[in-house]
Amino acid sequence: MMTAKPLIEVQDLVKYYPVQGGIIPHTVAEVQAVDGVSFTVYEGETLGLVGESGCGKTTVGRTMLRLETPTGGEVRFEGANIFDLKGPALKALRREMQIVFQDPFASLDPRLPIGESIGEGLAIHGMGNGRERYERVIEALSRVGLERYHATRYPHEFSGGQRQRIGIARALVMNPRFIVLDEPVSALDVSIQAEVLNILKDLQRNMGLTYLFVAHNLAVVEHISDRVAVMYLGKIVEVTTRAALFRKPLHPYTQALLSAIPMPDPTLKRDRVILKGDVPSPLNPPKGCRFHPRCPIAEERCSVEEPALRELESGHQVACHFAERFL
Amino acid sequence: MPAKSAAPNGNAPILEVRDLKTYFFTEDGVVKAVDGVDFYVKHGEVLGLVGESGCGKSVTSLSILRLIDRPGEIVGGEVFFEGENLLDRPLDSMVDIRGDRISMIFQQPKSSLNPVFKVGSQIVEVFQIHDEKMDKAVAWEKAVALLKRVGIPDPESKAHAYPHQLSGGQAQRVMIAMAMALQPELLIADEPTTALDVTIQAQILDLIRELNHETNTAVILITHDLGVIAEMADRVAVMYAGQIVEEVSVEGLFKNGLHPYTQGLIKSIPVLGSVQEQLNTIPGSVPNLIDLPAGCRFASRCPARVEHGLSICEEHMPNLLEVAPGHEVRCWLYEDAAGHTAPLKPGKGKKKK
């Protein structure tokens, strides 16, 4: 996996949202949703991006696809900075990068038969004639386990799990190489969730897809990811392989996050690290390390000096001044 | 009606629900959201009520407090609370039960609080509704003490905050403070942490557990998360399509779950630290609650029915039967009937002679 070539490199990505206020509206503050994030996605892998609500994980995924305008930084797709692309070059790139959204009830047009929703991208990109497009829609449907006759039905006729499969078919039909999966199973019941996760894994194997899997559920992320990046308040605090993250997390936040997950095993007795307080507002994040007000091992230095994301072991990066003590 | 087991040790349960039926009379037909639910809760215990969306777990809890509105209606059954059938009470006297003796917290704490009143005043209101003579200042002090107890930082000033000034975790703490204000004997927590992040969820679950130990308040914890169940519950009732399909201790559920639905559910969750290539899935979908099958509601999705070649499953509804001490299950694999011999004996998994 590590020898694979990078498909996407994200460098110092920044996204601030201005907050308007005042009698004559002007920018009074900025929400620092993503603040200097760098990581690489290798071809054919699944990179999990986890964090709690408001940590900026969704914004990272959306900005990578230029669904949001970045405030700063670069995203390179096979070496080309996608923020520099315009016109036809940008349009061509959009085919390569697709997204599946969280809410399968809100992301499909209720007045369009799902076959048309799926085929819309093909039409926009002028791919093939009507007949060829229809065949590609049917092929995408069959890849997610739906039938030809489903194409003429409307979204309300489908269950949540089926709708999420339609969302996946809509991404697949463009024959992309990279898909951002933004919390694709968090709105689904567990038995349905398993089905969608299995489909995603099969598709990746059969079509050589690369995924960025954005989620808050660590058990789901562990199941599907090759590597995992953990975000806290607009920053990446730890990146490593799945095995290392779950066996030997080096950042105190990752450790707390893992220990907070309720395990479906009543015989298990664990020493919990229960974090105090809430996640601070990204409007006014803490100085120094953003995690220091909640961190069980924070010292003076943490409130002053922001820790850099350092490589402590091969392929294991951590942003903590004191991560060595967990080695 | 299957013989309903009383709580063991001669210890009468605090709540006993028998054959509860709550239907919704809609234009499309009668939705049998809760259709013959039986379970009990013992004093001081945490009963987990688990099931997937639409299985009727929330409607069950609302029915206990008789909070069902039209087109819904409780059409049958009994809800014994401390020996009294709550369904026999005049509806307006339910006020004496709600909040005072049975209280409830919900999934969306922010939408359960009134946005235009200070949180302190909302807790004061709880005291004053149930004790009109209580002095406002005294009630306010008690409210602040409660906020402190549930772990709100700086409770004196936070009592003056409005709900929008609180985080999701804090709002749920305020809800818990209101629910615990009158020291109820039973707390119904309906997905109390589903809307919260995991680190905040851990805090809230911890708080509920502490209060349960401290005040001996019994808890019905409704959730779809088997992890939460494993950590919190003493006993578990599993719901499927408006019915209880299994009721057992939490250890029994995970070690020896008998109902094929329970087994499928447990196998379908990804578990941290154990990587599987493929997750188990439950094929098919939940039956339509308007047009329910005659037999077992899980039959069309049940792998065990096929494996054992049972024909009775699709024709007749199995009963919720006690198959081992404290372990009840609703499944033809374990129940005999005319012309049908149960293929399995729980615990041994051997053919019945």
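Note that the structure is a prediction, hence the values are computed from the model and not measured. (Residues numbered from 1 in each chain as written. Chains lettered and ligands numbered in written order. Predicted model: local features only at pLDDT ≥ 70, side-chain atom pairs only at ≥ 80, totals over all residues.)

Student: So what exactly am I meant to see when it comes to the overall build of chain B here?
Tutor: Scanning chain B for helices and strands turns up eleven helices and twelve strands. A globule of 353 residues ought to have a C-alpha radius of gyration of about 20 Å, and chain B, at 21 Å, matches this closely. A principal-axis box enclosing the C-alpha atoms of chain B has dimensions of 70 × 50 × 45 Å. Taken across its 353 residues, chain B has 48% of its residues classed as buried. A separation threshold of at least 6 residues defines the contact pool for chain B, and within that pool the share at least 24 residues apart is 61%. (Helix = DSSP H or I, 4+ residues; strand = E, 2+ residues; numbered from the N terminus. Rg over C-alpha atoms; globule rule 2.2 N^0.38 Å. Buried ≥ 20, exposed ≤ 12 C-beta atoms within 10 Å, placed from the backbone. Contact = placed C-beta atoms within 7 Å.)

Student: How should the interface of chain B and chain A be read in this particular structure?
Tutor: For interface size, the figure often reported is the accessible area lost on association. Across the boundary between the two partners, chain B contributes 38 residues, which contact 31 residues of chain A. Elements with a contribution of two residues or more to the side of chain B that touches chain A: α7 (198-215), α8 (226-232), α9 (250-256) and α10 (260-268) of chain B. Counting residues per element, the side of chain B that touches chain A draws most heavily on α7(B), at seven residues. Of the residues in the side of chain B that touches chain A, the class split is 17 nonpolar, 15 polar and six charged. (Nonpolar A, V, L, I, M, F, W, Y, C, P; charged D, E, K, R; others polar.)

Student: Which parts of the structure should I look at to understand the environment of Leu312(A)?
Tutor: All names here are of chain A. Within the secondary structure layout, Leu312 lies in strand β11 (residues 310-313). Taking the C-beta count within 10 Å as the criterion, Leu312 has 16 such neighbours and is therefore assigned partly exposed. In sequence terms Leu312 and Leu327 are 15 residues apart; their C-alpha atoms lie 8.5 Å from each other. Setting aside residues up to four positions removed in sequence, Leu312 forms contacts with Leu250, Val318, Ala323, Glu324 and Leu327.

Student: Would you explain the sheet that holds strand β8 (residues 210-215) of chain A in this entry?
Tutor: Within a sheet, neighbouring strands are paired by backbone hydrogen bonds and run either parallel or antiparallel to one another. All names here are of chain A. Pairing is mixed in the open sheet, where eight strands are placed in the order β6-β7-β8-β3-β9-β10-β12-β11. Two strands lie at the open edges of the sheet, namely β6 (97-100) and β11, each paired on one side alone. Adjacent strand axes in the sheet meet at a mean angle of 20 degrees, parallel and antiparallel pairs treated alike. Pairing analysis gives five bridges linking strand β3 (residues 46-50) to β8, with the strands arranged parallel. Across the sheet, residue Gly48 finds its bridge partner in β8, namely Phe213. (Pairing = 2+ DSSP bridges. Axes fitted to C-alpha atoms, helices over the stretch in contact; angles between N-to-C directions.)

Student: How do you make sense of the sheet that holds strand β1 (residues 6-21) of chain A when you look at a structure like this?
Tutor: Residue and element names in this part refer to chain A. In spatial order, the strands read β2-β1-β4-β5; together these four strands make up an open sheet with antiparallel pairing. In this open sheet, the two strands that pair with only one neighbour each are β2 (26-42) and β5 (80-81). Sheet analysis places β1 next to strand β4 (residues 72-77), joined by five bridges and oriented antiparallel. Across the sheet, the residue bridging to Ile8 is Phe77, located in β4. Set on the sheet, helix α1 (residues 57-64) makes contact with β1, β2 and β4; between it and β1 the angle comes to about 115 degrees.

Student: Would you take a moment to explain the nonpolar core for this structure?
Tutor: Buried together is how nonpolar side chains tend to be arranged in soluble globular proteins. In this structure, Ala169(A), Phe213(A) and Ala177(B) are the most contacted members of the largest nonpolar core, which totals 202 residues. If you tally residues by element for this core, the top one is helix α6 (residues 168-180) of chain B, at eight residues. Dropping the residues within four chain positions of it, Ala169(A) is found in contact with Ile118(A), Ala140(A), Leu141(A), Arg143(A), Val144(A) and Leu146(A). (Core = buried A, V, L, I, M, F, W, Y, C linked by C-beta atoms within 7 Å.)

Student: Could you clarify how one ought to interpret the packing of helix α5 (residues 160-172) of chain A against helix α6 (residues 190-207) of chain A in this entry?
Tutor: The packing of two helices is summarised by the inter-axis angle and the distance between the axes. Residues and elements named next belong to chain A. At a minimum axis distance of 9 Å, the contact between α5 and α6 shows a crossing angle of 20 degrees. What the angle tells us is that α5 and α6 run roughly parallel. Crossing angle aside, the handedness with which α5 passes α6 is right-handed. In this structure, α5 contributes Gly160, Gly161, Gln164, Arg165, Ile168 and Leu172 to the contact, and α6 contributes Ile192, Glu195, Val196, Ile199 and Leu203. The class makeup of the residues in the contact of α5 with α6 is six nonpolar, three polar and two charged. (Parallel < 35°, antiparallel > 145°, perpendicular 65-115°, else oblique. Left-handed = near helix turned anticlockwise from the far one by under 90°.)

Student: Help me understand helix α4 (residues 136-149) of chain B in this model?
Tutor: An α-helical segment advances 3.6 residues per turn. Residues three or four places apart therefore align on the same side. Residues and elements named next belong to chain B. The terminal C-alpha atoms of α4, which comprises 14 residues, lie 20 Å apart, in line with the 20 Å expected from a rise of 1.5 Å per residue. Listing the buried residues of α4 in full gives Ala139, Ala143, Val144, Leu146 and Leu147. Buried residues of α4 fall within an arc of 160 degrees about the axis and therefore sit on the same side. Exposed residues on α4 whose side chains face more than 90 degrees from its buried face are Ala137, Val138 and Ala145. Turning to α4, the residues buried within the fold contact α3 (119-130), α5 (155-158) and α6. Looking one or two residues past α4, Gly151 carries a phi angle of roughly 85 degrees, positive in sign. (Expected span 1.5 Å × (residues − 1). Arc of directions from axis to C-beta.)

Student: How should I be thinking about the confidence of the model for chain B in this particular structure?
Tutor: All names here are of chain B. Put simply, chain B has an average pLDDT of 90, and 95% of its residues get 70 or more. Note that pLDDT drops below 50 for residues 1-10; the model gives that stretch 13 contacts with residues more than four away or on any other chain. pLDDT under 50 marks residues 348-353. Its contacts with residues more than four places away, or in other chains, come to six contacts. Reported for the predicted complex are a pTM of 0.87 and an ipTM of 0.81. (pLDDT = per-residue confidence, 0-100.)

Student: Would you mind showing me how to read the pairing of strand β6 (residues 102-105) of chain B here?
Tutor: It is a general feature of regular strands that their side chains alternate between the two faces of the sheet. Residues and elements named next belong to chain B. Because side chains alternate across β6, one face comprises the buried residues Ile102 and Met104, and the other comprises Ser103 and Ile105, equally buried. With four bridges connecting them, β6 and strand β7 (residues 186-190) associate as parallel partners. In the strand pairing of β7, Met104 is matched with Ile188.

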